[in-house]
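Geometric and topological summary
Here is how the chains run, residue by residue.
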Amino acid sequence: MAAFAPKAGCPMCGIVATASHMTPNSPRSPSFPAGSKQAEVLWRDDNFTAYREKANPVSSKGHIIIAFNLHVPSIYALSSSDVPLLSNVRNLATRLLASLLPATTPVTPSTATPPAPLQNPNHQFRIGFITPPFKDNKIPVTDHLHAHAYIGPADLMGWWRGVAYGPLAWYPIEDLIAEIRESVTNNRIKSGYENRIRAPIDMVPGAGARAGNANGIETTEAGIANADSRLEDGEGPRTPVNTSPDSSNAQFLSPQSQIPHLRV
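On a predicted model such as this, the values are computed, not experimentally measured, just so you know. (Residues numbered from 1 in each chain as written. Predicted model: local features only at pLDDT ≥ 70, side-chain atom pairs only at ≥ 80, totals over all residues. Heavy atoms only, no water.)

Some points on the overall build of the protein chain
On a plain count of helices and strands, the protein chain comes out with four helices and seven strands. Ordering the α and β elements of the protein chain from the N terminus gives α-β-β-β-β-α-β-β-α-β-α. Pairs at least 24 apart in sequence give 63% of the contacts found in the protein chain among residues at least 6 apart. In the form shown here, the protein chain has an accessible surface area of approximately 14000 Å², with 56% of it arising from carbon and sulfur atoms. (Helix = DSSP H or I, 4+ residues; strand = E, 2+ residues; numbered from the N terminus. Contact = heavy atoms within 4.5 Å. Areas by Shrake-Rupley, 256 points an atom, 1.4 Å probe, with all protein chains shown as cover.)

Structure representation (structure tokens):
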């Protein structure tokens, strides 16, 4: 997408570029010599490159950064069409953080499932964005969108960095998804509750992302996600869309998620 082309000198674009040779949609367990400055890439697909923050993590238990492959400047460039993309960030971050847990929890980045809401404040996953103009002064990238995911407590953060990860600047991904859904639907989505029970709407990654008329014509704006990616689970391309002549609405929606054609 030309509007979000790589930017010369951007550290995140550099990491994305160096990871471009990796096989997409697969975890990676790299080993690097001591003192290596190379990013420890854990996952790459058509939309994201995730790497472990080794130089300046905020938590000794694990700190992962998920960078958008496109040079998207901020969360304010996203629209309701990108809700599935955000859901994929959340699910990918949860799987990768789960893979960093002690060996007593036998999971891998590909098989770990999102855990139930955690009640223990000393052992939890935190996933979200630092909103401009705030920044992590140890990772001072403000114009290439990336999510931070770490396992609490943030024992390596320090008080100054804590401003960026505190309520003044931190935007939890669950709240961002919920607020986008509220802005485009008639549903009140509970947000801001760290230990809330998962609502049924959370089981539908694309909820709130689509708009259309009663005649079945979709009016959703194009999102920034790669059109061939499978956003819900990040495990490969979607099955081909049915474009046979007898499928009158195929030009607007894929058959499995089509807005019904209604006659009044």
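So that's the structure; there's more coming.
Observations concerning helix 2 (residues 83-99)
Compared with the 24 Å implied by 1.5 Å per residue over 17 residues, the 25 Å span of helix 2 between its first and last C-alpha is a close match. Among the 17 residues in helix 2, 16 count as buried, and that is most of the element. (Expected span 1.5 Å × (residues − 1). Buried < 20%, exposed > 50% of the residue type's maximum accessible area, 1.4 Å probe, protein only.)

Overview of the side chain of serine 87
For serine 87, the position within the fold is in helix 2. Excluding its chain neighbours within four sequence positions, the residues that come into contact with serine 87 are Ile177, Arg181 and Pro205.

With respect to the pairing of strand 2 (residues 40-44)
In terms of burial, strand 2 is a largely internal element, five of the five residues being buried. Where strand 2 lies against strand 3 (residues 48-52), four bridges are found, and the strand directions are antiparallel. The residue bridging glutamate 40 from the neighbouring strand is arginine 52, located in strand 3. The antiparallel pairing of strand 2 with strand 3 creates a hairpin that spans three residues between the two strands. (Pairing = 2+ DSSP bridges.)

Topic: the nonpolar core
Formed by 35 residues in total, the largest nonpolar core has its most connected members in Ile66, Phe68, Leu86 and Phe129. Secondary structure elements with two or more residues in this core: strand 2, strand 3, strand 4 (63-68), helix 2, strand 5 (125-130), strand 6 (146-151) and helix 4 (173-184). With residues up to four places along the chain from it excluded, the contact list for phenylalanine 129 reads Phe68, Ile75, Leu86, Leu145, His146, Ala147, Ala169, Trp170, Tyr171, Ile173 and Leu176. Of all hydrophobic cores here, the second largest spans 12 residues; its members include Cys10, Cys13, Ile15 and Ile65. (Core = buried A, V, L, I, M, F, W, Y, C linked by side-chain atoms within 4.5 Å.)

Things to note about the side chain of histidine 71
In this fold, histidine 71 is placed in the loop between strand 4 and helix 2. By relative accessible area, histidine 71 is classed as buried at 9%. Among the polar contacts made by the side chain of histidine 71, one reaches the side chain of histidine 144 at a distance of 3.2 Å. Beyond its immediate chain neighbours, meaning those up to four positions away, histidine 71 contacts Phe4, Ala5, Pro6, Lys7, Cys10, Cys13, Asp143 and His144. (Polar contact = N/O pair within 3.5 Å; in protein donor to acceptor, adjacent residues only side chain to side chain.)

What is shown is where atoms sit, not what they do.
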